[in-house]
Amino acid sequence: MTRTFSIIKPDATKRNITGAINKIIEENDLKIIAQKRILLTRELAEGFYKVHKDKPFFNDLIEYMISGPVIIQVLEGSNAVEDYRKIMGATNPSEAKEGSIRKKYALNIQENSVHGSDSDQNAKIEIEYFFEKKDIVV
Ligand code: CMP
């Protein structure tokens, strides 16, 4: 079993579609083994997205990510990182495949409803950034 880190973002919590997103996750054989609804602080959001700090969209991204609650999650599956990226669809919803979370729910390239780790190494870093071992129950 492998793990990935997921965030259900503020556009989704605001529209009350977190259950609908979790349903898609579970129907695709990923198990939610940790989950917490939190309000990100600016510091946490900036630390999490520090690889993007020189990008033109960084400031808007941080304002958006602290604009409402998020659901942080650890997902487990046989190929969690890759499987969740397929289920999420492309970052830009206009390029996302039919049936993916972003195709169905994302509003635009920024308010794209979900985040998922892009590698096993980053999944470990991102999970450890938000969760303690005791929070994860298999
Ligand atoms: P995420 O997968 O969480 O990674 C970085 C986030 O920045 C991305 O999803 C979007 O929410 C946001 N973003 C805004 N504009 C862009 C862009 N042009 N390219 C990539 N990500 C963007």
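For every chain, the first residue of its written sequence is number 1, and the numbers climb from 1 along that sequence. Selection of residues for local features in this predicted model requires a pLDDT of at least 70, selection of side-chain atom pairs for listing and counting requires 80 or more, and totals for whole chains, interfaces and linings are taken over all residues. Neither water nor hydrogens contribute to the side-chain values; these are computed over all heavy atoms in the structure.

1. So, the overall build of the protein chain
Helix and strand counts for the protein chain stand at 7 helices and 4 strands. Ordering the α and β elements of the protein chain from the N terminus gives β-α-α-β-α-α-β-α-α-β-α. Taking the principal axes of the C-alpha coordinates as reference, the protein chain spans close to 35 × 35 × 25 Å. Per-residue accessibility, obtained with a 1.4 Å probe over protein chains only, is compared with the maximum for each type, and a residue is labelled buried under 20%, exposed over 50%, and partly exposed between these values. Looking at the protein chain as a whole, 46% of its 138 residues are labelled buried. Expressed as a percentage of contacts within the protein chain between residues at least 6 apart in sequence, the contacts between residues at least 24 apart total 77%. Think of it this way: Lys and Arg go in the positive column, Asp and Glu in the negative one, and His and the chain ends go nowhere. Charge positions are represented by NZ for Lys, CZ for Arg, CG for Asp and CD for Glu. When the 21 basic and 21 acidic side-chain charges of the protein chain are each reduced to a single mean position, those positions are 2 Å apart. Put simply, DSSP H or I for four residues or longer makes a helix, DSSP E for two residues or longer makes a strand, and each gets a number counted from the N terminus. Throughout, a contact is declared for two residues whenever any of their heavy atoms are within 4.5 Å.

2. Some details on the site of the ligand
Around the ligand, the structure places Lys9, Tyr49, His52, Phe57, Leu61, Thr91, Arg102, Ile109, Gln110, Asn112 and His115. At 2.8 Å, a side-chain N or O of Lys9 approaches an oxygen atom of the ligand. Polar contacts, as counted here, are pairs of nitrogen or oxygen atoms within 3.5 Å of one another; within protein the pair requires one atom able to donate a hydrogen and one able to accept it, and residues that are adjacent in sequence qualify only if both atoms are side-chain atoms. In this structure, an oxygen atom belonging to the ligand sits 2.6 Å away from a side-chain N or O atom of Tyr49. Values of accessible area rely on a 1.4 Å probe in the Shrake-Rupley scheme; residue burial ignores everything except the protein chains shown. Within the complex, 78% of the 450 Å² of free accessible area of the ligand lies under protein. Note on terminology: near, applied to a residue and a molecule or strand, indicates that one of the residue's heavy atoms is within 4 Å of it.

3. A word on unusual backbone geometry
Located in the positive-phi region is Asp29, a residue other than glycine, with phi close to 65°. By the secondary structure assignment, Asp29 is in the loop between α2 (18–27) and β2 (31–38). Judged by its relative accessible area of 67%, Asp29 falls in the exposed class. One non-glycine residue, Ser113, lies in the positive phi region at around 70°. Residue placement: Ser113 occurs in the loop between α6 (101–105) and β4 (114–116). Take Ser113: its relative accessible area is 0%, and that puts it in the buried class.

4. Brief notes about the pattern of salt bridges
By definition here, a salt bridge exists when the distance from a side-chain nitrogen of Lys or Arg to a carboxyl oxygen of Asp or Glu is within 4 Å. In the structure shown here, the tally under the stated rule is 8 salt bridges. For Lys134, the salt bridge is made with Glu132, and the minimal N-O distance between the two is 3.9 Å. Given a relative accessible area of 62%, Lys134 falls into the exposed group. Between Lys134 and Asp135 there is a salt bridge, with its nearest N and O atoms 3.5 Å apart.

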